[in-house]
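Structural description and commentary
These are the residues of each chain, in order.
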Amino acid sequence: QVHLVESGGGWVQSGGSLGPSCAASGSISRFISMGWYLQAPGKERELVATINSGGATNYADSVKGRFTISRDNAQNTVYLQMNSLKPEDTAVYFCNSYIYTSPSSFDAYWGRGTQVTVSS
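Residues numbered from 1 in each chain as written. Predicted model: local features only at pLDDT ≥ 70, side-chain atom pairs only at ≥ 80, totals over all residues. Heavy atoms only, no water.

1. Details of the side chain of Glu6
Stated precisely, the cut-off is as follows: Strands are runs of DSSP state E lasting at least 2 residues, helices are runs of H or I lasting at least 4, and numbering of each runs from the N terminus. Under this definition, polar contacts are N or O atom pairs within 3.5 Å; protein pairs additionally need one hydrogen-donor-capable and one acceptor-capable atom, and for neighbouring residues in sequence, both atoms have to be side-chain atoms.
By the secondary structure assignment, Glu6 is in strand S1 (residues 2-7). A distance of 2.8 Å separates the side chain of Glu6 from the backbone nitrogen of Cys95, its partner in a polar contact. A polar contact of 3.1 Å, which involves the side chain of Glu6, links it to the backbone nitrogen of Arg112.

2. With respect to the nonpolar core
For clarity, the cut-off: Side-chain atoms within 4.5 Å are what join buried Ala, Val, Leu, Ile, Met, Phe, Trp, Tyr and Cys residues into a set we call a nonpolar core. When accessible area is computed with a 1.4 Å probe and restricted to protein chains, residues below 20% of their type maximum are described as buried, those above 50% as exposed, and intermediate ones as partly exposed.
Counting residues in hydrophobic clusters, the biggest one holds 29 residues, and the most contacted among them are Trp36, Val48, Leu80 and Tyr93. Elements represented by at least two residues in this core include exactly S1, strand S3 (21-26), strand S4 (30-39), strand S5 (46-52), strand S7 (67-72), strand S8 (77-82), strand S9 (91-102) and strand S11 (114-119).

3. Let's talk about the sheet that holds S3
Here is the rule we go by: DSSP bridges decide pairing: two strands pair if at least two such bridges lie between them. Simply put, an axis is a line fit to the C-alpha atoms, just over the touching stretch for a helix, and the angle between two N-to-C directions goes from 0 to 180 degrees.
Read from one edge of the open sheet, 4 strands run S1-S3-S8-S7, paired in antiparallel fashion. Each having just a single partner strand, S1 and S7 make up the two edges of the open sheet. Strand-to-strand twist across the sheet, computed as the mean angle between neighbouring axes with direction ignored, equals 15°. Two elements, S7 and S8, share 6 bridges in a ladder whose sense is antiparallel. Within S8, the position partnered with Arg71 by the bridge is Val78.

4. Observations regarding the pairing of S4
Across the 10 residues of S4, 7 count as buried, placing the element largely inside the fold. Direction of pairing for S4 relative to S9: antiparallel, over a ladder of 9 bridges. For Leu38, the partnering residue across the bridge sits in S9 and is Tyr93. Two elements, S4 and S5, share 6 bridges in a ladder whose sense is antiparallel. Bridging across to S5, Trp36 finds its partner in Ala49. Taken together, S4 and the strand that follows it, S5, pair antiparallel across an intervening segment of 6 residues, in which Gly42 is found at a positive phi of about 75°.

5. Digging into the side chain of Asn96
Convention followed: Residue contacts are counted whenever heavy atoms from the two residues lie within 4.5 Å of one another.
Counting through the fold element by element, Asn96 comes out in strand S9. Engagement of the side chain of Asn96 in a polar contact is seen with the backbone oxygen of Tyr109, the distance being 3.4 Å. Not counting residues within four places of it along the chain, the set of residues in contact with Asn96 comprises Leu4, Ser33, Met34, Gly35, Tyr37, Ala108, Tyr109 and Trp110.

Spelled out as C-alpha cells, the structure:
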C-alpha cells in the first residue's frame, strides 16, 4: 500500500511562484522515478517534469527554464519549484511515482492532485 500526498498548490498572479511538494509513504522498497503531471479542465493529463532514481530530469518544453524538479530521498519527497508562472499553467498538478514495493514488483501511483491557479 503506497500513498502519495501533494501539498503547496494555490493561487498566484502571473509572474509569481509556487513550490508544491509530494510525499510518498507506505510499502516502498525503492523508487524508480517520481514526477509531476498537469491536467487542465477538459484535457488529458500531461507531463510536467520527472526525476529518476539516478537524478536525471526531464521537463516539458513549456516549463523548461521556469520549473525545477528535485527530490529528498530520505523523506521520500519530490518538489516542484514553479517560477515565472503564467495563466496557461493553471491546472491540477498530480504527483506520480513508479515504485518497487518488493525486490521484483513495481507499479505506478498517483496522488489526488493539487490545484494551481495563475491569474493575469
